[in-house]
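Fold and geometry: a report
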Amino acid sequence: MTQRALIVGLGIGGMSAAIALKRQGWMPVIIERAAERRKGGYFIGLREEGKNAAAALGVLDVMEKRTPDHIQFWDVHKDGTRRRIVDLTQETNAPIAVLRGDIEEALWHGIEGKVEVRFGTIPVAIINGATQVHVTLQSDDGQETTETYDLVIGADGVRSTVRKLIFGPDEAFFHSIGTMLCAFPLARPVAGFKAGDGLMIADVKRTLTVFPLEGRPSTALFSYRTKHPERASKKDPFPTLRHIFADLDVDGIISKALEDLSATDDFLFDSVQMVKMPHWSKGRVLLLGDSAWCLTLYSGMGASAGMIGGQALGEALAACPNNMDAALQMFEAQMRPFVRKHQRFIALRSQLFVPSSRISLWGRRVLWQILLRSRNYLSRKSS
Ligand SMILES: Cc1cc2nc3c(=O)[nH]c(=O)nc-3n(C[C@H](O)[C@H](O)[C@H](O)COP(=O)(O)OP(=O)(O)OC[C@H]3O[C@@H](n4cnc5c(N)ncnc54)[C@H](O)[C@@H]3O)c2cc1C
């Protein structure tokens, strides 16, 4: 009999799992809290691992790529002077620049018309049986139904409801980096910079980074350090950022970016939390993507990990068709080394985005310069 999986969350992890399970003859059903599919989002640099995973899922070719032809990155100082630095998007193994929405759109091509998707629906209770899971679902109109599945996959992001219902509260698994982020698309080019220019205005404990994209306005990323990120995440982003960045408004770049923030609903304002769990499954409930291992933006690998995870789950279920425990263990054994590797240096990598001290601010500037010079040297040598 065809096995049924309920996937909670129509993000990168959820759609990747749906494509992989469908291929293995499963019948996935996706529920999504939002009333409709989200679009847009923030800049993502998709590296080799992510490109390979997207290709394996059959969606790389349909994915919009937005790497500018003539990209230049600038370190903008408080006094208005600027210095060329290495292109942040090319920091390692030549990622392609995309929006989160581009990856989701490509994955959507893989499931549209093939997988049942129910919007405006959340899980409110999960009973984890020996061979099946009973899930009570609630739709936007308050209606509740209970359905039975062979597997439930919580791909519902860093603040996962499935994780709370089955494994425990967020605090048990969150590892704070002590930073906040606010990411959103800018409505217009940054005055004084060319299309294809990216920039970073950095000071101790706060940074604005602008990531350029081909054919559409750049996306902005405000980051700052705070002792109480969870408390900060409940605040209103606009006055909070205006206050924190007030004396860093070089050439009005900060205030114009904040004007754009106040005019859009497409923003993410949240604390940065790594998720660490001893196990990603209990019985027949599995977590996948940010809900299981959130690698944070500092790893540059979260989107890739979601796609790799979906693919790995499909392969594990195919390898152990009659033994769910073995399949879930195989999935875990496959994904653990990758996740461990990328979680290890997150605190250190966060220094590149938001330096915590003057020394780190200075060290970061020196590093970008060295990288730029060595890249220029290598490209001169090869031409
Ligand atoms: C600013 C920023 C920059 C980043 N840059 C990069 C990068 O350069 N490279 C990279 O690889 N990664 C990057 N990432 C990480 C990447 O975006 C994430 O790891 C990835 O999008 C996570 O996908 P996901 O499907 O696990 O979770 P999400 O994207 O959080 O998706 C979860 C889905 O579940 C839905 N949902 C939530 N709760 C419920 C519920 N109770 N019921 C039903 N549905 C629910 C949500 O609406 C959402 O659709 C970045 C992240 C940020 C924030």
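Every chain's residues receive numbers from 1 upward, in the order its sequence appears when written. For a predicted model such as this one, the threshold for reporting local features is a pLDDT of at least 70, and the threshold for listing and counting side-chain atom pairs is 80 or more; totals across whole chains, interfaces and linings nevertheless cover every residue. The basis for every side-chain value is the complete set of non-hydrogen atoms in the structure, without hydrogens or water.

For the protein chain, the name recorded in an unreviewed UniProt entry is Oxidoreductase, with Acetobacter persici as its organism.

Notes on the packing of helix 6 (residues 237-244) against helix 7 (residues 253-262)
Note the cut-off: In this analysis an axis means a line fitted to C-alpha atoms, helices contributing only their contacting stretch, and an angle means the value between N-to-C directions, from 0 to 180 degrees. Each helix is a run of DSSP H or I of at least 4 residues and each strand a run of E of at least 2, with the numbering of both proceeding from the N terminus. Orientation categories follow fixed angle ranges, with anything under 35 degrees roughly parallel, anything over 145 roughly antiparallel, 65 to 115 roughly perpendicular, and all other angles oblique. Between two residues, a contact is recorded if the distance between any of their heavy atoms is within 4.5 Å. Ten residue types, Ala, Val, Leu, Ile, Met, Phe, Trp, Tyr, Cys and Pro, are classed as nonpolar, four, Asp, Glu, Lys and Arg, as charged, and the remainder, Gly among them, as polar.
Where helix 6 meets helix 7, the axes come as close as 10 Å, and the angle between the chain directions of the two elements is 175°. By the criterion of interaxial angle, the relationship of helix 6 to helix 7 is roughly antiparallel. Counted together, Pro 237, Phe 238, Leu 241 and Arg 242 of helix 6 and Leu 258, Glu 259, Leu 261 and Ser 262 of helix 7 form the full contact between these two elements. Split into classes, the residues belonging to the contact of helix 6 with helix 7 amount to five nonpolar, one polar and two charged.

With respect to the domain arrangement of the protein chain
For clarity, the cut-off: These domain boundaries are the output of an automatic or database domain assignment. Once two parts are brought into contact, the accessible area they lose, counted with a 1.4 Å probe and summed over both, makes up the buried area. A pairing counts as a salt bridge when a side-chain nitrogen of Lys or Arg comes within 4 Å of a carboxyl oxygen of Asp or Glu. Any pair of N or O atoms that falls within 3.5 Å is considered a polar contact. Within protein, one atom must be able to donate a hydrogen and the other to accept it, and sequence-neighbouring residues count only if both atoms are side-chain atoms.
Domain annotation of the protein chain identifies domain 1 (4-61 + 100-173 + 274-346) and domain 2 (72-93 + 177-273 + 350-382). The distance between the C-alpha centroids of domain 1 and domain 2 comes to 30 Å. Taken residue by residue, the interface counts 17 residues in domain 1 and 23 residues in domain 2. At the boundary of domain 1 with domain 2, total buried surface from both sides reaches about 1,600 Å², with 57% on carbon and sulfur atoms. Three residues, Phe 43, Arg 159 and Tyr 298, lead the burial of domain 1 against domain 2; their summed loss comes to 42% of the area buried on that side. The tally of links from domain 1 across to domain 2 stands at two salt bridges. The interface formed by domain 1 and domain 2 contains seven residue pairs in polar contact (both at pLDDT 80 or more). Elements that contribute at least two residues to the side of domain 1 that touches domain 2 include exactly helix 2 (48-56), strand 16 (268-275) and helix 9 (296-299). Broken down by element, the side of domain 1 that touches domain 2 gets its largest block of residues, three residues, from helix 9. Broken down by class, the residue content of the side of domain 1 that touches domain 2 amounts to nine nonpolar, three polar and five charged.

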